[in-house]
Amino acid sequence: MILGVALISSCATSDKAKSSSDAPDKNGPQPENGMKPYSEVITDEAESDEGLFDVHKIEEDFFYEIPDSLLNREMLLVSRIAETQNEIGYGGEKLNTQVVRWQKKNDDILLRHVSYENVASDSLPVYEAVRNSNFEPIIASFDIESLGEDSSGVVIDVTDLYSTDVQALGLQDSRREAYQVRRLDTDRSYIEHINSYPKNIEARNWLTYQASNPPSSSSTGTISMEVNHSMVVLPDEKMDTREYDERVGYFSIEQTDYGTEANKAKDMQYITRYQLIPKDKEAYLDGELVEPVNPIVYYIDPATPQKWRSYLKQGVEDWQPVLKMLLLQKIRPPRRKILNGVRKMRGIR
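Residues numbered from 1 in each chain as written. Predicted model: local features only at pLDDT ≥ 70, side-chain atom pairs only at ≥ 80, totals over all residues. Heavy atoms only, no water.

Peer 1: Would you take a moment to explain the overall build of the chain for this structure?
Peer 2: Counting secondary structure elements, the chain contains eight helices and 15 strands. Expressed as a percentage of the 349 residues in the chain, the buried residues total 31%. Restricting the contact set of the chain to residue pairs at least 6 apart, pairs at least 24 apart contribute 57%. Per element, the accessible surface of the chain, about 24100 Å² overall, is 49% carbon and sulfur. (Helix = DSSP H or I, 4+ residues; strand = E, 2+ residues; numbered from the N terminus. Buried < 20%, exposed > 50% of the residue type's maximum accessible area, 1.4 Å probe, protein only. Contact = heavy atoms within 4.5 Å. Areas by Shrake-Rupley, 256 points an atom, 1.4 Å probe, with all protein chains shown as cover.)

Here it is as structure tokens:
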């Protein structure tokens with residue numbers, strides 16, 4: 001039995017019925033709810049870059065092809081100044097760090113800001129109340145232009161996200177106020193490039209603001225800077241927290257925990273940690289110093305004068321014996337020895 005489906009558009013009506021065979025349609029997924037076929041959105045002119053999201057550039061427009069598997073996944077979004085005018089920060093300075101998620105709502109895709117300022121364990125009754133008080137603000141909304149090429153995702157136009165004034169991705173409030181920023185001039189703001197990699201997407205744009213009190217080049221009434229946005233998918237498995245100790249110089253974050261035994265909201269402070277996974281877990285549990293799967297790598301700024309680079313490198317390397325000594329000190333028994341001791345006390349062999 002052959003089923004015929006008539007495709008009707010505002011421009012023309014086809015008089016040919018399409019067969020429901022298993023063969024893929026050459027035009028890609030068919031439109032739903034007014035969406036266009038994939039081939040009409042991502043045309044042959046598109047310059048495509050595969051990665052976390054496939055990124056497509058068509059003339060001056062950029063499209064994200066987001067797989068269904070990455071909708072609702074939490075991602076870290078870090079915006080940094082890449083280049084700037086005199087007296088407006090410096091190259092590499094962080095503008096904003098936030099956790100975001102891409103979420104489907106009806107025929108739209110929302111970019112939402114995720115907050116971890118107030119928390120409670122999801123096993124506690126108070127968890128629902130805390131979650132209801134942490135409604136995620138919507139940073140931006142996008143029409144779904146088409147389904148993905150294999151119908152398992154969505155295609156959205158993200159040009160406006162990087163070429164208009166989205167405050168979460170631009171100049172901070174304090175600087176807007178100090179420089180008396182009036183608005184972003186979209187005619188003088190551009191997307192430099194968007195590149196996709198297996199775990200992250202790097203977008204770079206030029207932002208030009210009209211300002212009454214710019215800190216430099218005041219005669220122009222303008223502030224211009226180049227900003228880089230790194231969006232990195234976060235792992236499904238969250239890391240264990242480690243409480244901050246003021247005796248050690250860690251960077252830290254603060255949270256208000258509503259699920260502690262204190263029977264009140266308690267301010268908690270945790271260190272920011274690297275995810276270091278030992279190559280040899282057995283040796284690590286026995287208290288030995290082992291190499292990580294992915295070591296922490298630091299780079300010397302290419303702007304550093306050549307005559308100083310060897311000394312900076314040597315200064316870091318001279319610390320290696322000290323760090324190894326500190327790490328190998330038997331300040332407390334290795335985890336495995338503690339577990340073995342507990343087993344012996346309980347008569348477990």
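After that view of the structure, there is still more to cover.
Peer 1: What exactly am I supposed to notice about unusual backbone geometry here?
Peer 2: One non-glycine residue, N106, adopts positive backbone phi at about 55°. Residue position: N106 is located in the loop between β5 (94–105) and β6 (108–114). Residue class for N106 comes out exposed when judged on its relative accessible area of 64%. Phi is positive for S217, close to 50°, though the residue is something other than glycine. Along the chain, S217 turns up in the loop between β12 (200–211) and β13 (222–233).

Peer 1: Sorry if this is basic, but what is going on with the nonpolar core here?
Peer 2: One recurring pattern in soluble globular proteins is that nonpolar side chains are buried together. Judged by nonpolar contacts, the single largest core of 32 residues is most densely connected at F53, Y64, I66, W102, L161 and I194. Broken down by element, the residue count for this core peaks at four residues, all from strand β8 (residues 138–147). Ignoring sequence-local partners within four residues, the contact set of F53 consists of Y64, E65, I66, P67, L70, M75, W102, S196, I201 and M231. Counting 13 residues, the second largest nonpolar core, distinct from the first, contains I81, I88, L207 and A211. (Core = buried A, V, L, I, M, F, W, Y, C linked by side-chain atoms within 4.5 Å.)

Peer 1: What is the right way to look at a nonpolar patch on the surface in this model?
Peer 2: A cluster of nonpolar side chains, Y274, L276, I296 and Y298, forms an exposed patch at the surface whose accessible area comes to about 470 Å². Locating L276 in the fold gives a position in the loop between β15 (266–271) and α5 (281–285). (Patch = residues over 30% accessible without salt bridge, like charges linked within 9 Å, V, L, I, M, F, W, Y side chains within 5 Å. Salt bridge = Lys/Arg side-chain N within 4 Å of Asp/Glu carboxyl O.)

Peer 1: Looking at this model, I keep getting lost on the environment of L77. Mind explaining?
Peer 2: For L77, the position within the fold is in strand β4 (residues 74–84). Linking L77 and M231, residues 154 residues apart in sequence, is a C-alpha distance of 4.4 Å. Ignoring any residue separated from it by four or fewer positions in sequence, one finds L77 in contact with N96, T97, Q98, V100, L169, H229, S230 and M231.

Peer 1: I tried to follow a negative patch on the surface on my own but got confused; where do I start?
Peer 2: On the surface, D44, E45, E59, E60, D61 and D160 cluster together into a negatively charged patch. Relative to the elements of secondary structure, E59 occurs in the loop between β2 (54–58) and β3 (61–67). (Lys, Arg positive; Asp, Glu negative; His and termini not counted. Charge placed at Lys NZ, Arg CZ, Asp CG, Glu CD.)

Peer 1: Sorry, what's going on with the pattern of salt bridges here?
Peer 2: Pairing between side chains becomes possible if they bear opposite charge and their charged atoms approach one another. Scanning the entire structure with this criterion turns up 11 salt bridges. Two residues, R176 and D165, come together in a salt bridge whose shortest N-O distance is 2.9 Å. Residue R176 is found in helix α4 (residues 173–179), and its partner D165 is found in the loop between α3 (159–163) and α4; the two are separated by 11 residues along the sequence. Residue R176 is classed as buried on the basis of its relative accessible area of 13%. Residue E317 is joined to K313 by a salt bridge in which the shortest nitrogen-to-oxygen separation is 2.6 Å. One end of the pair, E317, and the other, K313, are both in helix α6 (residues 306–317), four residues apart, so they sit about a helical turn from each other. Given a relative accessible area of 36%, E317 falls into the partly exposed group. Connected through salt bridges with shared partners, the residues E74, R101 and E136 form a single ionic network.

Peer 1: Just to check I follow, could you spell out the sheet that holds strand β7 (residues 118–119) for this structure?
Peer 2: To summarise the sheet geometry, strands pair through backbone hydrogen bonds and adopt either a parallel or an antiparallel arrangement. On the basis of which strands lie adjacent, the open sheet formed by three strands has the order β7-β14-β15 and mixed pairing. Because the sheet does not close on itself, it has two edges, and the strands there are β7 and β15. (Pairing = 2+ DSSP bridges.)

Peer 1: Is there a simple way to think about the packing of aromatic side chains in this case?
Peer 2: The geometry of an aromatic ring pair comes down to the distance between the two centres and the angle between the two planes. The full count for this structure, using the stated rule, is five aromatic pairs. Centre to centre, the rings of Y64 and W102 are 5.9 Å apart; their planes meet at 75°, and the pair counts as edge-to-face. With a gap of 38 residues between them, Y64 in strand β3 and W102 in strand β5 connect regions that are remote in the sequence. No difference in accessibility class separates Y64 from W102, as the two residues are buried. Over the aromatic face of F135 sits the side chain of R112, whose NZ or CZ is 4.6 Å from the ring centroid. (Phe/Tyr/Trp six-rings, centres within 6.5 Å; stacked < 30°, edge-to-face > 60°. Lys NZ or Arg CZ within 6 Å of the ring centre and 35° of its normal.)

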